[in-house]
Amino acid sequence: MNIINKTAKISAALLTGNEAIAAGAYKAGVHVATGYPGTPSSEILPYLARFNNTIVNWSINEKTALEIAIGASIGYKRSMFTTKHVGLNVASDPLMTLAITGVRGGIVIVTADDPAMHSSQNEQDNRFYSKFAKVPMFEPSDSNECFEFTYEAFEISERFDTPVIIRTTTRISHSKSIVHIEPAYLPNMNSNLENKKFLPKKKPYIKDIEKFVMAPVYARKRHKIAIERLKKLQEFSNNSGINKIEYNSLDFGAITSGISYQYVKEIAPFASVLKLPFSYPLPDLLVKEFVKRVKSVIIVEELEPFIQNEISSIGINLMGKEFFNRFGELTPDMVKEGLISAGFIKKYDNKSSGKLQGKGGLSKLDSLLEKLPQRLPALCSGCPHTSVFYALKKLRVPVMGDIGCYTLGALPPLNAMDSCISMGLAFGAAQGLSLSNSSPKKIAGIMGDSTFFHSGITSLIDAKYNNACFTAIILDNSTTAMTGGQDHPGTGKNLSPGKVVSNKIDIKRVVEGIGIDEIYIIDPYNYNVVYKTLKKALSSKNLNVIITKRPCILYPVKIDLGKKFKILEGCNGCNLCMQIGCPSILNSDNFLDNNKPIPFIDSSCIGCSICKDICVFNFIEEIKS
Amino acid sequence: MDAQNILVCGIGGQGVVLAGKIISNAAFEKGFDVKTSEVHGMSQRGGSVSTHIKFGDKVFSPLIPGHGADILLSFDIYETLRYAKDFADKKTLIISSNYGKIPLWASTRENDRISLAEISGALKINFDKLLMVNNKETAMSLGNIKVANIILIGLLSKFTDIEEDFWFKVIKDNVPKKTEEINIKAFLAGRNEK
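Analysis parameters
Residues numbered from 1 in each chain as written. Chains lettered and ligands numbered in written order. Predicted model: local features only at pLDDT ≥ 70, side-chain atom pairs only at ≥ 80, totals over all residues. Heavy atoms only, no water. Helix = DSSP H or I, 4+ residues; strand = E, 2+ residues; numbered from the N terminus. Rg over C-alpha atoms; globule rule 2.2 N^0.38 Å. Lys, Arg positive; Asp, Glu negative; His and termini not counted. Charge placed at Lys NZ, Arg CZ, Asp CG, Glu CD. Disulfide = S-S within 2.5 Å. Buried < 20%, exposed > 50% of the residue type's maximum accessible area, 1.4 Å probe, protein only. Contact = heavy atoms within 4.5 Å. Core = buried A, V, L, I, M, F, W, Y, C linked by side-chain atoms within 4.5 Å. Domains from an automatic or database assignment. Salt bridge = Lys/Arg side-chain N within 4 Å of Asp/Glu carboxyl O. Pairing = 2+ DSSP bridges. Polar contact = N/O pair within 3.5 Å; in protein donor to acceptor, adjacent residues only side chain to side chain. Buried area = accessible area lost by both parts, 1.4 Å probe. Nonpolar A, V, L, I, M, F, W, Y, C, P; charged D, E, K, R; others polar. Axes fitted to C-alpha atoms, helices over the stretch in contact; angles between N-to-C directions. Right-handed = clockwise from strand over helix to strand, strands pointing away. Left-handed = near helix turned anticlockwise from the far one by under 90°.

1. Concerning the overall build of chain A
Line of reasoning, step 1. Tallying secondary structure elements over chain A gives 21 helices and 21 strands in all.
Line of reasoning, step 2. Its C-alpha radius of gyration of 27 Å places chain A within 12% of the 25 Å reference for a compact globule of 625 residues.
Line of reasoning, step 3. Dimensions of chain A, computed from C-alpha atoms along their principal axes, come out at roughly 80 × 75 × 60 Å.
Line of reasoning, step 4. Here chain A contributes 72 positive and 58 negative side-chain charges, whose respective centroids are spaced 3 Å apart.

See the structure below:
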């Protein structure tokens, strides 16, 4: 932690957007914070858990997480729910009605969107949720705003009796910038900080069915209240000073929000800017004032034309999406291109003298780049998922897949997963695919342990209920690996040890409880057992479950089995060992007579021995020291 | 001071994120406005990764524009090739490990194999300010292959307006106590390289 001046009242810290949101929530005295891990939102809760006085828990999925936050609010406490964009779909059922009940303690919902899909299955623009649910929304443009607006969001939530959405994107959540912050609101491992100032007031519980029982008779009343609330929020949007105009040239102006604001300031420092950190409801009066004073105005926003639609709905048509992509991330270069095409800035290149050119060098660079492998993400050396996908590939069965590290089993060279659409899809889709009768072979559905708890249990119950026939595979590596190793019910741990007792839930007993009798529990490091078990399970006419058990090699601790393997002299270069996609198996610079390169195993090998089991010629052997 | 743009690249798991943390915190300790940007998640798994670092009097965008890196620091020569094309120009200082690896399964097509010599040759033709470093060997001679990247950070530090003491503080804050000494030694080996 970097505190420039420990004695000063305000100091500075270099924080990610996620860390700054946690600090802002702590400053606001948040009592309960929940969520399910999802890139790029995953770091908020672990950072918040480093403070005292806050109960921070991973939930099994986003819906239960938001429901817990709602309950805490009914109990007069401030609560926060964090999720990635697609997770808000899971929580959208409670969200849409919470939007009309309103809150007691403030509720802040953080949705971290992932334009460009760095680690996601879609790039939906969650700003539409704020309009859909009629709840206000912040779009911070750097970490300092993440800190300030999270605090502000709790105040607004209680003042206007509404949940508040904070919508970030990957470039906000995972970028670091300087936050001006009181040292008391930074977690410090060495001291025992207490946020006494914001200790929640104790209020006795009183029921209020007209506010919280959304039976039609009460819901009709509350919906009207929510619509009235929007008007007040729009007034706030116009007058609070959070949305503001930075006047500069009166010839050119941009209306922008979130990370796009930073790109506009960098590319067009001369332009006037209407910055909308509180982008819903739209500050209609500010927009009208801005377009009246500034001659030519363009809207710069990432993904969908959300602000543009809102502005055109008040009868003002401005340039915008016709100059910027509706998909992917914006970059400073794309904003520059767009502003050039729109005639805002002239095409110039102040670095033209330094441009690459001449001597035929550039074409050499290009031709090498063409050959450069794309370096797709891959399962780690020693990943316990590897053997299962290799066996599935050998068995050539349709595999309905799911979301986690193991989605990489779909990529070459394993190529052993046929679908990845939503969290928990695998068992439902496996049931459906089997009903389609389109495959003569039995279907496999595959998901990880954390995903099973997230939403696999329900679809497995559905499968048993409807007498489906497929093989359900649960890859149990005792962590939520893809997002950085978060706990889940299978680990029996959570983020607030000491404050909350966590219980461990045994996957096998859950499966037995559903009434499934054919259950196999196997060690994925034993390839031959993996192959035989899969083959047996996939030829049986029952709904059956295979649970593979081996801890992830990265989380919670890095694992090295202390064994090393080597490829023996005489290897015929058949490349079979390549088929498992292990990052430790490389090409050497030595070639066989037939011009095939001889592979070798480098020092990153952790000794899982799967390659040894797979080499049919027995050319892989453990190095005996 | 105009913002200084540093792009760090390599392969997931190689320490690109840590390097970004050390460089950005050193700039922060010195008192600059600082922004960084990186991507986590899927790309960590052996994919190509990069961190953008910008510092100066005032920084807006956390992303470095095309051909806008002042320094490109690369831990893998294949990634140097990938990122130099988009982020470097004649004025960019490229500091690159002369080592690189491609997993076997990704490079099976015989015609697609690129030799390390070919890459450094092409880089030399195109970029005027190129420092290829045998950081792996220097790290071995220091007794720990894991400090290979700190050597490159030491070399990079010479080309910033950040004094030695800030670097020492940040390295000590960010490496395990027992590896502090060897990391500082590796940093100085890079910093004092001629």
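2. A closer look at the state of the cysteines
All names here are of chain A.
Line of reasoning, step 1. Here the structure, examined in full by the defined rule, presents 0 disulfides over all chains.
Line of reasoning, step 2. Left unpaired, Cys420 is separated from the closest cysteine sulfur, that of Cys405, by 12 Å.
Line of reasoning, step 3. The partly exposed category is assigned to Cys420, whose relative accessible area is 30%.

3. As for the environment of Thr150 of chain A
All names here are of chain A.
Line of reasoning, step 1. In this structure, Thr150 sits in helix H7 (residues 143-160).
Line of reasoning, step 2. Judged by its relative accessible area of 0%, Thr150 falls in the buried class.
Line of reasoning, step 3. The sequence separation of Thr150 and Ile166 amounts to 16 residues, and the corresponding C-alpha distance is 7.3 Å.
Line of reasoning, step 4. When near neighbours in sequence (up to four residues on either side) are disregarded, Thr150 contacts Ile21, Gly24, Ala25, Met80, Val108, Glu145 and Ile166.

4. Focus: the nonpolar core
Across soluble globular proteins, you tend to see nonpolar side chains buried next to one another.
Residues and elements named next belong to chain A.
Line of reasoning, step 1. By size, the foremost hydrophobic cluster in this structure holds 73 residues, and its most contacted members are Phe389, Leu392 and Leu534.
Line of reasoning, step 2. When residues in this core are grouped by element, the largest group, 6 residues, is from helix H16 (residues 386-395).
Line of reasoning, step 3. Counting contributing residues, this core receives three or more from each of domain 3 (386-549) and domain 4 (565-622).
Line of reasoning, step 4. Excluding its chain neighbours within four sequence positions, the residues that come into contact with Phe389 are Leu379, Tyr406, Gly409, Leu414, Ala416, Met417, Ile446 and Leu475.
Line of reasoning, step 5. Counting residues in hydrophobic clusters, the runner-up holds 63 residues, among them Ile172, Tyr185, Ala268 and Ala342.

5. Side note on the pattern of salt bridges
Line of reasoning, step 1. Within this structure, the stated rule accounts for 35 salt bridges over all chains.
Line of reasoning, step 2. Between Lys85 of chain B and Asp366 of chain A there is a salt bridge, with the nearest N and O atoms lying 2.8 Å from each other. Within this pair, whereas Lys85 of chain B is found in helix H2 (residues 77-87), its partner Asp366 of chain A is found in helix H15 (residues 361-371), the two belonging to separate chains.
Line of reasoning, step 3. Using a relative accessible area of 30% as the deciding quantity, one classes Asp366 of chain A as partly exposed.
Line of reasoning, step 4. What you see here is one network of salt bridges that share partners, running through Asp113, Asp125, Arg127, Glu139, Arg167 and Glu301 of chain A.

6. Details of the sheet that holds strand S16 (residues 519-522) of chain A
Residues and elements named next belong to chain A.
Line of reasoning, step 1. Read across the sheet, 5 strands follow the order S13-S14-S15-S17-S16 without closing on themselves; strand pairing throughout is parallel. The open sheet is flanked by strand S13 (399-400) and S16, the only strands paired with a single partner.
Line of reasoning, step 2. For strand S14 (residues 444-448) and strand S15 (residues 471-476), the ladder comprises 5 bridges, and the chain directions are parallel. Bridged to Gly445 within S15 is Ala472.

7. Details of the side chain of Glu301 of chain A
Line of reasoning, step 1. Positionally, Glu301 of chain A belongs in the loop between strand S12 (296-300) and helix H13 (306-312).
Line of reasoning, step 2. Of note is the side chain of Glu301 of chain A, whose polar atom sits 3.0 Å from the backbone nitrogen of Gln308 of chain A.

8. Examining the interface of chain B and chain A
Line of reasoning, step 1. Tallying the contact residues gives 61 residues for chain B and 69 residues for chain A.
Line of reasoning, step 2. A buried area of about 6,000 Å², summed over both sides, lies between chain B and chain A, and 60% of it is on carbon and sulfur atoms.
Line of reasoning, step 3. Between the two partners, chain B and chain A, sit 10 residue pairs in polar contact (both at pLDDT 80 or more).
Line of reasoning, step 4. Its residues assigned to classes, the side of chain B that touches chain A shows 24 nonpolar, 18 polar and 19 charged.

9. Notes on helix H17 (residues 425-435) of chain A
Residue and element names in this part refer to chain A.
Line of reasoning, step 1. All of the buried residues in H17 are Leu425, Ala426, Phe427, Ala430 and Gln431.
Line of reasoning, step 2. Check the buried side of H17 and you find it contacts S13, S14, helix H18 (449-465) and S15.
Line of reasoning, step 3. Just downstream of H17 lies Asn437, where phi reads positive at about 55°.

10. Remarks on the sheet that holds strand S1 (residues 11-16) of chain A
Line of reasoning, step 1. In spatial order, the strands read S1(A)-S8(A)-S2(B)-S3(B)-S1(B)-S4(B)-S5(B)-S6(B); together these 8 strands make up an open sheet with mixed pairing. Both outer strands of the open sheet, S1 of chain A together with strand S6 (129-133) of chain B, are each paired with one neighbouring strand and no more. Sheet twist, expressed as the average angle between the axes of neighbouring strands with direction ignored, equals 20°.
Line of reasoning, step 2. Here 4 bridges tie strand S1 (residues 4-11) of chain B to strand S4 (residues 71-74) of chain B, and the two strands are oriented parallel to one another. Following the sheet pairing, Ile6 of chain B is matched in S4 of chain B by Ile71 of chain B.
Line of reasoning, step 3. Helix-sheet contacts for H2 of chain B involve S1, strand S3 (48-56), S4, strand S5 (93-97) and S6 of chain B, and the interaxial angle to S1 of chain B is about 145°.

11. Considerations on unusual backbone geometry
Excluding glycine, a negative phi dihedral is what most residues carry, and trans is how most peptide bonds are arranged.
Residues and elements named next belong to chain A.
Line of reasoning, step 1. A cis amide bond links Tyr280 with the next residue in sequence, Pro281, at an omega value of 0°.
Line of reasoning, step 2. Note that Pro281 resides in the loop between strand S11 (271-275) and helix H12 (284-293).
Line of reasoning, step 3. The amide bond that connects Pro412 to the next residue, Pro413, takes the cis arrangement and shows omega of 5°.
Line of reasoning, step 4. A positive phi angle, near 50°, is found at Met117, a position not held by glycine.
Line of reasoning, step 5. Looking at where Met117 falls in the secondary structure, it is placed in the loop between strand S5 (107-113) and helix H6 (127-133).

12. Overview of the side chain of Asn477 of chain A
Line of reasoning, step 1. Structurally, Asn477 of chain A can be placed in the loop between S15 and helix H19 (507-514).
Line of reasoning, step 2. Leave out the neighbours within four places in its chain, and Asn477 of chain A touches His385, Asp449, Arg550, Pro551 and Cys552 of chain A.

13. Here we look at the pairing of strand S7 (residues 164-169) of chain A
Residues and elements named next belong to chain A.
Line of reasoning, step 1. Across the 6 residues of S7, 6 count as buried, placing the element largely inside the fold.
Line of reasoning, step 2. Where burial is concerned, the two faces of S7 agree: the one with Val164, Ile166 and Thr168 and the one with Ile165, Arg167 and Thr169 are both buried.
Line of reasoning, step 3. Bridge count for strand S6 (residues 137-138) against S7 is 2 bridges, and the pairing is parallel. Within the sheet, the bridge partner assigned to Met137 lies in S7 and is Ile165.
Line of reasoning, step 4. Taken together, S6, H7 and S7 form a β-α-β motif whose crossover is right-handed.

14. With respect to the packing of helix H6 (residues 164-174) of chain B against helix H7 (residues 180-191) of chain B
Residues and elements named next belong to chain B.
Line of reasoning, step 1. Close contact between H6 and H7 brings their axes to 10 Å; oriented N to C, the two are set at 145°. When you trace H6 past H7, the crossing you get is right-handed. In this structure, H6 contributes Glu164, Trp167, Phe168, Ile171 and Lys172 to the contact, and H7 contributes Glu180, Asn183, Ile184, Phe187, Leu188 and Arg191.

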